[in-house]
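This is what each chain is made of:
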Amino acid sequence: MSQQYAALLVVVPLLSALVISIAGLVNKRLCFPIAVAALGVAAYSCIGLLLRVLNEGVIVYKLGGWDPPMGIAYYVDHLNGLVLAVVSVVAFLNLIASKKSIELEMPDKMGAFYALYVLQVTGLLGIVVTGDAFNLYVLLEITALTGYGMLAMGEDRACLSTLNYLYMGTIGACFYLLGVGYLYIVTGSLNMVDIAHLLPPLYQSKAVLAAFIICLVGVWLKMAFFPLHAWLPNAYTHGPSAASSLIAPLVTKVMVYVMIRLILTVFTPDFAFTMLNISEPIVWLAVIAIVMGAILALAQRDLKKMLTYIIVAEVGYMVGGAWLGNRDGMTGAILHILNDALMTLCAFLVVGNIVYKLKGYAFDDLKGLFRKMPFTMGAFVVGALSIIGVPPTCGFFSKWYLISGAIQAGQYGFMVALIFSSLVNVVLFFRIIEIGFFEPFSDHHGHDHHTEEPMAEAPLTMLVPLFIVAAGLVVVGLYTGDIVNYIIRFAVPKGLI
Amino acid sequence: MGDLLQTIVAKYNYWIYITLMMIGLYAMIAKNNLVKKIVGMNIFQTAIILFYVSIGVKKGGTIPILEHGHGEHGHGAASHLVQAVDYINPLPHVLMLTAIVVGVATLGVALALAIRIYNQHNTLEEDEILAQIREK
């Protein structure tokens, strides 16, 4: 059984998506248990795979028994073992947490929604696990198409924002496909490891350069790296809360993983950092991304949109860290994939709970929220501290690695941007905490009933996953040393100092 | 000048795909009508499909099916001498079958969204839709 984990984590959700869409026609209450079972199996196999990788090293799973250059192979090493575990656990927790809000927001579309949800997780896990460049494109589009479907189920403006997301997502995927085409012309192979073996004599070729740049731009579009971020805030804000709390933590992070995979495995760090000499401008782009993300977040007047701009800034962290070109920067970027997925999930689950109770997430709606929803807001404070980067939470440690990488690389601009964005995050989150804690809850008649405002918490099925995530933020923070020593140290290639 | 012309003519398939891609991109950026934008997006995708198909083409090559080279278990072809030069590489074409399916799916989702938007706003012109949203 454990030999088949790599296939199970894609096949089980894929087939259960079909079963769910049929079950949705028969009885809507069947959908949720099937989805939980499917994602449970996926999460179990992902964690099993990660443990096996820790013991045995790289796992190659040949689909159908065909050897890699001809057939398609799944490669699992330390890097994607970690990302697989993160993706499957985040998707599983969010599924349980958002059951009630799905029932509330779209009671008649539950079957379709759960099918899309499970299919999206299939796509994400497939992107991470696959070792074939074209396979990655197909799974990229599976992820994207299901994402469009889910986000479009939201409020009034959701369709238009999703259509904009669709244009940009399609251009991004097409650029990636074009880059793979150029790689295929020069190497005649689609297997990532095989391409990496064939490329070194061809590094001077203009076609390889074009392939790298085009792939990179495509992936940047998909991950909303700053100048290409315009689609993200509206699409994530107007989507239903269950969809945005799945897509916001995972899709951008998985795309950062794809970029790191391209740099480390397909093109090797030698080519990306030494031959090309483009790290410096890219780090400066990341600096602009971080600063602009922070400033645009300051301008927002509602919680969900503010969080989406924070994601834009966080993408800047990861891209900049990966392109610093040293071990600490790359470690920080990989660690931040894990941390940011958890932090964003925490923040968006809080938004989901608030929407469930208040039907709104503008700043004015948040008045007196600490008295009304103390547990939710308690978890929000933990998430906020983590995004700011306060020591016991995990956000601090990845930022620490990123900053020390920036100092080693001599990129002081990046260091300043990281500190600046942390300070802006302090302002952002303390503004919300101030509104929620000090301003009295005001329905119609001001402050006279702020003492006996009744507590109206979200249901327990929404709170428990939120607490697990909030506790996870601290636990991951405390065990950062182990994660770096046992997993990430092996994910970063030895050549990188 | 002659050199430039020669490189353009010799690699005309790349120029065709780039031109098509730019037409698609132009339509997506400049057009105001949502359906025109979606059609532009589809042209963009199709350009890349044409690019892949054109790199698989070989002058004088034939379809990669062995006529008489079959043994009884399907492995007999190995003993028969196969001249790879004579055959067209089928892989880019096969990949594009998948990419076409992806393109059709994307087009379908985009058109479905356009229908939803039309039902909400009674128009497909983007500036009018934005004006309506701003009024709310």
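Sequence positions are assigned chain by chain, starting from 1 and proceeding in written order. For naming, the first written chain is A and the first written ligand is 1, with later ones following in the order written. The predicted origin of the model limits local features to residues at a pLDDT of at least 70 and limits the giving and counting of side-chain atom pairs to 80 or more, whereas totals for whole chains, interfaces and linings rest on all residues. Computation of side-chain values: all heavy atoms of the structure, hydrogens and water removed.

A.B. asks: I'd like to hear about the packing of helix α3 (residues 78-97) of chain A against helix α20 (residues 460-478) of chain A, residue by residue, with values.
C.D. replies: Residues and elements named next belong to chain A. For helices, the fitted line uses only the C-alpha atoms of the stretch in contact; every axis is such a line through C-alpha atoms, and the angle between N-to-C directions lies from 0 to 180 degrees. A run of H or I in DSSP counts as a helix once it spans at least four residues, and a run of E counts as a strand once it spans at least two, with each numbered from the N terminus. Relative orientation of the contacting elements α3 and α20 amounts to 155°, with a least axis distance of 8 Å. On the basis of their axis angle, the class for α3 and α20 is roughly antiparallel. Touching Leu 93, Ile 96 and Ala 97 of α3 are Thr 461, Met 462, Pro 465, Ile 468 and Val 469, all from α20. Three categories are distinguished: nonpolar for Ala, Val, Leu, Ile, Met, Phe, Trp, Tyr, Cys and Pro, charged for Asp, Glu, Lys and Arg, and polar for the others, with Gly belonging to the last. In terms of residue class, the contact of α3 with α20 is made up of seven nonpolar, one polar and no charged. Roughly parallel refers to an angle under 35 degrees, roughly antiparallel to one over 145, roughly perpendicular to one between 65 and 115, and oblique to any angle outside these ranges. Pairs of residues are marked as contacts when any of their non-hydrogen atoms sit within 4.5 Å.

A.B. asks: Account for the side chain of Asn 326 of chain A, naming residues and giving values.
C.D. replies: All names here are of chain A. Tracing the sequence through the fold places Asn 326 in the loop between α14 (303-323) and α15 (327-358). A distance of 2.9 Å separates a polar atom in the side chain of Asn 326 from the backbone oxygen of Gly 405. Those residues in contact with Asn 326 that lie beyond four places of it in its chain are Gly 405, Gln 408, Ala 409, Leu 496 and Ile 497. The definition of a polar contact used here is a pair of N or O atoms within 3.5 Å, where within protein one atom must be able to donate a hydrogen and the other to accept one, and adjacent residues in sequence count solely through side-chain atom pairs.

A.B. asks: Lay out the packing of aromatic side chains in plain terms, naming residues and giving numbers.
C.D. replies: Residues and elements named next belong to chain A. Here a pair means two rings of Phe, Tyr or Trp (six-membered ring of Trp) with centres within 6.5 Å. Their orientation is stacked below 30 degrees between planes, edge-to-face above 60, and tilted elsewhere. The tally for this structure, following the rule as stated, stands at 25 aromatic pairs over all chains. Aromatic side chains Phe 375 and Phe 467 sit 6.2 Å apart centroid to centroid with 90° between the ring planes, which places their arrangement in the edge-to-face category. Here the residue Phe 375 occupies a position in helix α17 (residues 374-388), and Phe 467 occupies one in helix α20, the gap between them amounting to 92 residues. Burial classification: accessible surface area is computed with a 1.4 Å probe over protein chains only, and a residue below 20% of its type maximum counts as buried, one above 50% as exposed, and the rest as partly exposed. The exposure class assigned to Phe 375 is partly exposed, which follows from its relative accessible area of 41%.

A.B. asks: Just give me the short version of the interface of chain B and chain A, but keep the residues and values in it.
C.D. replies: Listed per partner, the contact involves 36 residues of chain B and 28 residues of chain A. Two parts placed together each lose some accessible area under a 1.4 Å probe, and adding up what both lose gives the buried area. Together chain B and chain A conceal approximately 2900 Å² of surface at their shared face, both sides included; 79% is due to carbon and sulfur atoms. Of all residues in chain B, the largest losses of buried area upon contact with chain A belong to Tyr 52, Val 102 and Leu 113 of chain B, amounting jointly to 17% of the total for that side. Think of a salt bridge as a Lys or Arg side-chain nitrogen and an Asp or Glu carboxyl oxygen that are within 4 Å of each other. On the surface where chain B and chain A come into contact, there are zero salt bridges. Between chain B and chain A we count five residue pairs in polar contact (both at pLDDT 80 or more) in total. Secondary-structure elements contributing two or more residues to the side of chain B that touches chain A are α2 (12-30), α3 (34-55), α4 (91-121) and α5 (126-135) of chain B. When the residues that make up the side of chain B that touches chain A are grouped by side-chain class, the tally is 27 nonpolar, five polar and four charged.

A.B. asks: How would you explain the side chain of Ser 279 of chain A if you had to name every residue and give the values?
C.D. replies: Among the structural elements, Ser 279 of chain A can be located in helix α13 (residues 279-298). Once residues lying within four places of it in the same chain are set aside, the contact partners of Ser 279 of chain A are Ala 272, Phe 273 and Trp 323 of chain A.

A.B. asks: Tell me what's going on with the pattern of salt bridges, and back it up with residues and numbers.
C.D. replies: Pairing is possible between side chains that carry opposite charge, provided their charged atoms lie close to one another. All names here are of chain A. One pass over the full model with this rule turns up seven salt bridges over all chains. In this structure, Lys 253 engages Asp 340 in a salt bridge whose closest nitrogen and oxygen atoms are separated by 2.6 Å. With Lys 253 in helix α11 (residues 241-266) and Asp 340 in helix α15, this pair connects stretches of sequence that are 87 residues apart. We note that Lys 253, like Asp 340, is buried.

A.B. asks: Pulling in residues and values, what's your account of the environment of Ala 297 of chain A?
C.D. replies: Residues and elements named next belong to chain A. Tracing the backbone shows Ala 297 in helix α13. Note on Ala 297: relative accessible area 0%, which makes it buried. For the pair Ala 297 and Lys 100, spaced 197 residues apart in sequence, the C-alpha separation works out to 29 Å. Residue contacts for Ala 297: discarding those within four places in its chain leaves Met 306, Tyr 309, Ile 310, Leu 428 and Arg 431.

A.B. asks: Give a detailed account of a nonpolar patch on the surface, specifying residues and quantitative values.
C.D. replies: Residue and element names in this part refer to chain B. To count toward a patch, a residue needs a relative accessible area over 30% and no salt bridge; like charges are then connected within 9 Å, while nonpolar side chains (Val, Leu, Ile, Met, Phe, Trp, Tyr) are connected within 5 Å. Per-residue and other accessible areas follow the Shrake-Rupley method at a 1.4 Å probe size, with only the shown protein chains counted as cover for residues. A grouping of Leu 4, Leu 5, Ile 8, Val 9, Trp 15, Ile 18 and Met 22 is seen on the molecular surface, where their side chains present a nonpolar patch of about 640 Å² in accessible area. A total of four residues in the nonpolar patch trace back to one element, the largest contributor, which is helix α1 (residues 2-10). Summarising the element assignment, Met 22 is placed in helix α2.

A.B. asks: Quick rundown of the nonpolar core? Include the residues and the values.
C.D. replies: Residues and elements named next belong to chain A. For our purposes a nonpolar core is just a set of buried Ala, Val, Leu, Ile, Met, Phe, Trp, Tyr and Cys residues, chained together by side-chain atoms within 4.5 Å. One finds Met 223, Tyr 236, Met 259, Ile 260, Leu 303, Trp 323 and Phe 414 to be the most contacted residues of the largest nonpolar core, which totals 228 residues. It is α15 that contributes the most residues to this core, 20 residues altogether. If sequence neighbours within four positions are ignored, Tyr 236 has contacts with Leu 151, Trp 231, Ser 244, Ile 247, Ala 248, Val 251, Thr 252, Lys 304, Thr 308 and Ile 311.

A.B. asks: Any chance you could break down the packing of helix α7 (residues 158-187) of chain A against helix α9 (residues 206-223) of chain A for me, citing the residues and the numbers?
C.D. replies: Residue and element names in this part refer to chain A. Where α7 contacts α9, the two axes come as close as 7 Å, and the packing angle between them is 160°. The angle between α7 and α9 places the two elements in the roughly antiparallel class. Every pair of crossing elements has a handedness; the one defined by α7 and α9 is left-handed. The residue makeup of the contact of α7 with α9, split by class, is 18 nonpolar, four polar and one charged. The crossing is said to be left-handed when, going from far helix to near helix, the turn is anticlockwise and less than a right angle, and right-handed when the turn is clockwise.

A.B. asks: How would you summarise unusual backbone geometry if you had to cite specific residues and measurements?
C.D. replies: All names here are of chain A. Positive phi outside glycine occurs at Ala 224, with the angle close to 60°. Tracing the chain through its elements places Ala 224 in the loop between α9 and α10 (232-238). Positioned with a positive phi, Thr 268 is a non-glycine residue whose angle comes to about 60°. Summarising the element assignment, Thr 268 is placed in helix α12 (residues 268-275).

A.B. asks: Requested: an account of the environment of Tyr 184 of chain A, with residues and values cited.
C.D. replies: In this structure, Tyr 184 of chain A sits in helix α7. For Tyr 184 of chain A, a relative accessible area of 7% puts it in the buried group. In the structure, Tyr 184 of chain A is positioned 27 residues away from Ala 211 of chain A in sequence and 9.3 Å away in space, judged by C-alpha atoms. When near neighbours in sequence (up to four residues on either side) are disregarded, Tyr 184 of chain A contacts Ser 189 and Leu 190 of chain A together with Ile 55, Asn 89, Leu 91 and Pro 92 of chain B. One polar contact links Tyr 184 of chain A to Asn 89 of chain B, side chain to side chain, over a distance of 2.6 Å.

A.B. asks: Now, about α3 of chain A: what can you tell me, with residues and values included?
C.D. replies: Think of an α-helix as 3.6 residues a turn; residues three or four steps apart then line up on the same face. All names here are of chain A. Multiplying 1.5 Å by the residue count of a helix minus one yields the expected span of that helix. Between its first and last C-alpha atoms α3 spans 29 Å; for 20 residues at 1.5 Å apiece the expected length is 28 Å, and the two agree. With respect to burial, α3 is a largely interior element, 17 of its 20 residues being buried. The opening residue of α3 is Asp 77, an N-cap whose side-chain oxygen sits 3.2 Å from the backbone nitrogen of Leu 79.

A.B. asks: Outline the layout of surface pockets, listing residues and values.
C.D. replies: All names here are of chain A. The rule is simple: put a 1 Å grid over the protein atoms alone, call a set of points where a 1.4 Å probe fits but cannot get out a cavity, call an open set with protein on both sides within 12 Å along at least five of seven lines a pocket, and count a residue as lining if it has an atom within 4 Å of a point. Grid points are joined across faces, edges and corners, and a volume is the space filled by probe spheres set on the points. The calculated volume of the largest pocket comes to roughly 540 Å³. For the largest pocket, the lining is made up of 23 residues, of which Val 58, Asp 77, Thr 265, Phe 490 and Ala 491 are closest to its centre. Residue composition of the lining of the largest pocket, by class: twelve nonpolar, six polar and five charged.

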